[in-house]
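# Per-entry structural report
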Amino acid sequence: METRWATVDGVTLELPDDSTAGELRDALYKPDDAVLIAVTGDLVSVVHDEDRPLSELVAGCADTYYFYRPGEPDRNELLAARELEDALEAETGARSDAETTFQRPGIDH
């Protein structure tokens, strides 16, 4: 199994390529309501499918991940972005997408 290095909530870890958001949450003892947010260059992905390998998603290319809980204090500009709130609100509705991807706020496009 291939592995790669990524930063998760400020800690650099070696991650298996086929890991899922649910497996990362369990391995890092994150709460069940924490959503995985992936940052890949100028893209941000909110992972909705907990069981799909990240390698099948844009999120699998990320080098930085955050676990975000709705209502928690903003830790950085990205986690305070309105686009993130919109993606999380859409997740609670009828959603079939495995992830929501948007342009990273604060980057000139």
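Our subject is the structure listed above.
Residues numbered from 1 in each chain as written. Predicted model: local features only at pLDDT ≥ 70, side-chain atom pairs only at ≥ 80, totals over all residues. Heavy atoms only, no water.

## A look at the nonpolar core
Buried together is how nonpolar side chains tend to be arranged in soluble globular proteins. Ranked by internal contacts, the top residues of the largest apolar core, which has 16 residues, are Leu 36, Val 47, Leu 54 and Tyr 65. Contributing elements (two or more residues each) for this core: strand S1 (3-8), helix H1 (21-27), strand S3 (35-40) and strand S5 (64-68). Each residue touching Val 47, except ones within four places of it in the same chain, is listed here: Ala 21, Val 35, Leu 36, Leu 54, Leu 57, Ala 59, Ala 98 and Glu 99. Grouped together as the second largest cluster of nonpolar side chains are 13 residues, Val 44, Val 46, Leu 79 and Ala 87 included. (Core = buried A, V, L, I, M, F, W, Y, C linked by side-chain atoms within 4.5 Å. Buried < 20%, exposed > 50% of the residue type's maximum accessible area, 1.4 Å probe, protein only. Helix = DSSP H or I, 4+ residues; strand = E, 2+ residues; numbered from the N terminus. Contact = heavy atoms within 4.5 Å.)

## Some words on the sheet that holds S5
Strand pairing in a sheet relies on backbone hydrogen bonds, with the paired strands running either antiparallel or parallel. Spatially, S2-S1-S5-S3-S4-S6 is the arrangement adopted by the 6 strands of the open sheet, whose pairing is mixed. Each edge of the sheet is formed by a strand with only one pairing partner; in this case those strands are strand S2 (11-16) and strand S6 (99-103). This sheet shows a mean twist of 30 degrees between the axes of neighbouring strands, independent of strand direction. Bridging between S3 and strand S4 (residues 43-47) involves 4 bridges; their strand directions are antiparallel. Opposite Thr 40, over in S4, you have Leu 43 as the bridge partner. (Pairing = 2+ DSSP bridges. Axes fitted to C-alpha atoms, helices over the stretch in contact; angles between N-to-C directions.)

These values are about where atoms sit, not about what they do.
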